[in-house]
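Topology and contacts: notes
If you want the building blocks of each chain, they are given just below.
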Amino acid sequence: MMKLSGTIILVTFLFLGYPKDVQGRRRSLNHKYLQGNNTDEAAALRFLVDYDKKASVVCNFVMSSQWNYNTNITDVNRQQMQEAQLEYAKFQKEVWKLATSFAWKNFRDSSIRRQFKVLSVLGRAALEDDKLSELQKLLGEMRDSYAQTKICDYKIEKPKRSDCNLPLEPDLTRIMSKSRDFDELLFTWKAWHDASGQPIREKFNRYVELSNEAASLNGFKDHGDYWRSAYDTPDFEEQLENLWYSLRPLYHQLHAYVRRKLVQEYGEDKIDPAGPIPAHLLGNMWAQSWTNILDLTLPFPEKQSIDVTEAMVAQGYTPSRIFKMADDFFASLGMKSVPEDFWEKSMLWKPEDRDVVCHASAWDFCDRGDFRIKQCTEVTMEDFVTAHHEMGHIQYYLQYVDQPLVFREGANPGFHEAVGDAISLSVITPSHLRQVGLLNKAEDDYENDMNFLFTMGMEKIAFMPFGYLLDKWRWKVFSGEISSERLNEAWWDYRIKYQGISPPVNRTEENFDAGAKYHVPSNIPYIRYFVSFVLQFQLHQAMCDAAGYEGPLYKCDVYKSKEAGRLLSSVLALGSAKPSPEAIRILTNGRTTKMDAAPILEYFEPLMRWLEEENAESPLGWRGENGADVKTSIGVLITIVLPIISRFIFE
Ligand code: KAF
Ligand code: ZN
């Protein structure tokens, strides 16, 4: 509470010394990137310096309240966080009023113009007070509902309340990855989707309305348009579609191969050999990563698997040790190590004594020194990779620490997501895993190579359509093209069309299956991960080139390469001070300014050839892929087959 009143004083203090007409004046909204008529560039610079100081303090205060809540879900912590968030919104509004009083678009200094561009967008704080409170409350309720969802134990026939205590992490994640019992998987999938999605459907609809209203007040078409503006790329959607079309042939091959293996395991009565794959059989609640079913699918099962979970457990790995390895890797590139107090302040495993938000995240407390990770880490290969992902966010924070607060962001959100994953592409190479003692020595032969590339495909290629469709769906919900009455139908149309995944039980508009994925109730955009999965291979290739590596991209490990580290640092240190095409240009040494699927395709080229041969006799694609297929077959039945049959019967 002490701190909160401190914030109020701070907000008032910020505006002393500015012309009176700025305060209290109603500025017209509904235009993007507003500006006013104050042409004094020196005053503008003073404003920015002042803003940076004050905003860092307010931001630190809000982050601390969010951290307290996310690592200890209690009513008191919730209350404090909500108060802090409302204060923050007030602060943003005041800042926005001042920023948009300047005629910043005509300033000479491009960095000043860019900072003002950021500050001229108010975001959801543009809503009237009661609507803003309503939206904040809804967001809180959706997030809490997701975080606290628990389901019953499948094995108990008549469960009592106390038997319904299984959370997503670690219990359900473990069942989805380990169980090969069709009915147990089905039960778990359905119970989670019903319990997490259904209760928030109505709240989600209201959240869509309010977010759209805020977006429109900021001059955007809708909330999706606002989200896409983070990429500063006019043909963003077209670029994404092209990227997806370049990757689709490889996805088709992987899908066909995996479907065949699953048919072998579960039988044709459970899986249509030419249809979409039931969503609960791929080792992951959302079928977004398939690495947990390598036991059923590995190309050469008699040879080496790179699943290092067993080795990690056998060697007594702990969460801290995993994060230390990631830290060492960055240090080996001459990049930065995390500060000492990172280790005390972070939450690296799930505490037993309290409720927490388990979904992993990396935190910047806006004071240039306090950075933390929150992750309910289990000793598995999956979490080993996630730990590197989160440490990538931290490395980004460390690299852009000298930028002003407005630029302490990724070149675009996809960049922030790509750093740790790009490093993982080196860490996870068999030669690196051998070097750190997680993999036994084995011959470097074709079969082992293919097992490795296949594993990577089950992580990276399997993810692509999911990473693409989630926000394609949300964008259409925000734009109204998908109405609130057909949220679930449209969701499954996309899941079938892009992923070739079908609902394992009948779903209706009672359900809300998109809500079963963390980022939906949490209002976190998702296209950043699709972008990241493309960019991380561009980053990997660029670092391998810088390291002087020659050979196939999938075998490259940049460990200890100072040149690779220098290149990566040069891009990360920019934060968002330059538009992302410029960041890509620096990264690729002037070769391109665009997202490019060529490196990921090059990486997987040998896998593509192997899969093409394997699938020579198998069908590719799935019924319903083009949306029309199912409807067409019904149409054919009604217009052609039925008349013939009836003529046959009646004549
Ligand atoms: C990524 C990589 C491998 C597999 C799958 C993914 C996609 C996605 C998923 O579906 O699990 N991954 C994550 O959600 C990892 C969490 C995070 O690091 O991306 C986290 C998500 C988050 C959590 C709370 C608030 C906002 C976002 N993002 C960050 O911690 C983050 C984001 C931007 C800048 C700095 C940190
Ligand atoms: Zn992330």
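Residues numbered from 1 in each chain as written. Chains lettered and ligands numbered in written order. Predicted model: local features only at pLDDT ≥ 70, side-chain atom pairs only at ≥ 80, totals over all residues. Heavy atoms only, no water.

A separate point is the pairing of strand E5 (residues 371-374). What you see with E5 is no split at all: Phe371 and Ile373 on one side and Arg372 and Lys374 on the other are buried throughout. Here strand E4 (residues 361-364) runs beside E5; their pairing, made up of four bridges, is antiparallel. Its bridge partner lying in E5, serine 361 is registered against lysine 374. Between E4 and the antiparallel strand that follows it, E5, lie six residues; cysteine 366 among them carries a positive phi value of about 65°. (Buried < 20%, exposed > 50% of the residue type's maximum accessible area, 1.4 Å probe, protein only. Helix = DSSP H or I, 4+ residues; strand = E, 2+ residues; numbered from the N terminus. Pairing = 2+ DSSP bridges.)

Looking now at the coordination of the zinc ion (ligand 2). Ideal geometry at a metal centre: 109.5 degrees between donors when four sit tetrahedrally, and 90 or 180 degrees when six sit octahedrally. Distances from the zinc ion (ligand 2) to its protein donors, His389 (NE2), His393 (NE2) and Glu417 (OE), fall within 2.0 to 2.1 Å. Read from N- to C-terminus, the donor residues coordinating the zinc ion (ligand 2) fall into the pattern H-x3-H-x23-E. Pair noted here: histidine 389 is in helix H15 (residues 381-399) and glutamate 417 is in helix H16 (residues 413-427), with a separation of 28 residues, a long-range link. Each member of the pair, histidine 389 as well as glutamate 417, is classed as buried. (Donors = N, O, S within 2.8 Å, 3.2 Å for Na, K, Ca; no water.)

What follows deals with the domain arrangement of the chain. Along its sequence, the chain is carved into domain 1 (4-121) and domain 2 (132-306 + 386-651). For domain 1 and domain 2, the distance between their C-alpha centroids amounts to 35 Å. Taken together, the 23 residues of domain 1 in the interface contact 25 residues of domain 2. Taken together, domain 1 and domain 2 are joined by three salt bridges. As a salt-bridge pair, arginine 78 and aspartate 144 come within 2.8 Å of each other at their nearest N and O atoms. Counting the contacts that link domain 1 with domain 2 gives seven residue pairs in polar contact (both at pLDDT 80 or more). Contributing elements (two or more residues each) for the side of domain 1 that touches domain 2: helix H2 (41-70), helix H3 (75-99) and helix H4 (110-119). (Domains from an automatic or database assignment. Contact = heavy atoms within 4.5 Å. Salt bridge = Lys/Arg side-chain N within 4 Å of Asp/Glu carboxyl O. Polar contact = N/O pair within 3.5 Å; in protein donor to acceptor, adjacent residues only side chain to side chain.)

Using the criterion set out here, one finds 52 aromatic pairs in the structure. Between tyrosine 146 and tryptophan 192, the ring centres sit 5.3 Å apart and the planes meet at 90°, which makes this aromatic pair edge-to-face. Of this pair, tyrosine 146 sits in helix H5 (residues 129-147) while tryptophan 192 is found in helix H7 (residues 182-197), placing the two residues 46 residues apart along the sequence. By relative accessible area, which is 0% here, tryptophan 192 ends up buried. Where tyrosine 554 meets tyrosine 603, the ring centres are 6.4 Å apart and the plane angle is 75°; that geometry is what we call edge-to-face. Separated by 49 residues along the polypeptide, tyrosine 554 in the loop between helix H21 (527-546) and helix H22 (562-572) and tyrosine 603 in helix H24 (residues 598-603) bring together distant segments of the chain. On the basis of relative accessibility, which here comes to 8%, the residue tyrosine 554 falls in the buried class. For the cation-ring pair, lysine 517 lies above tryptophan 286, with the distance from its terminal atom to the ring centre recorded as 4.2 Å. (Phe/Tyr/Trp six-rings, centres within 6.5 Å; stacked < 30°, edge-to-face > 60°. Lys NZ or Arg CZ within 6 Å of the ring centre and 35° of its normal.)

The next subject is the state of the cysteines. With the rule as written, the count across this model stands at four disulfides. The partner cysteine of cysteine 59 in its disulfide is cysteine 366, sulfur to sulfur 1.9 Å. Here cysteine 366 lies in the loop between E4 and E5 and cysteine 59 lies in helix H2, a separation of 307 residues in the sequence. Exposure class is identical for cysteine 59 and cysteine 366. Each is buried. Disulfide connectivity for the chain, with bonded cysteines indexed by sequence position, reads 1-5, 2-3, 4-6, 7-8. (Disulfide = S-S within 2.5 Å.)

At a minimum axis distance of 10 Å, the contact between helix H10 (residues 236-266) and helix H19 (residues 464-479) shows a crossing angle of 145°. In the packing of H10 onto H19, the handedness of the crossing is left-handed. Contact residues: Phe236, Glu237, Leu240, Glu241, Trp244, Leu247 and Tyr251 in H10; Met464, Pro465, Tyr468, Lys472 and Trp475 in H19. A per-class count over the contact of H10 with H19 returns nine nonpolar, no polar and three charged. (Axes fitted to C-alpha atoms, helices over the stretch in contact; angles between N-to-C directions. Left-handed = near helix turned anticlockwise from the far one by under 90°. Nonpolar A, V, L, I, M, F, W, Y, C, P; charged D, E, K, R; others polar.)

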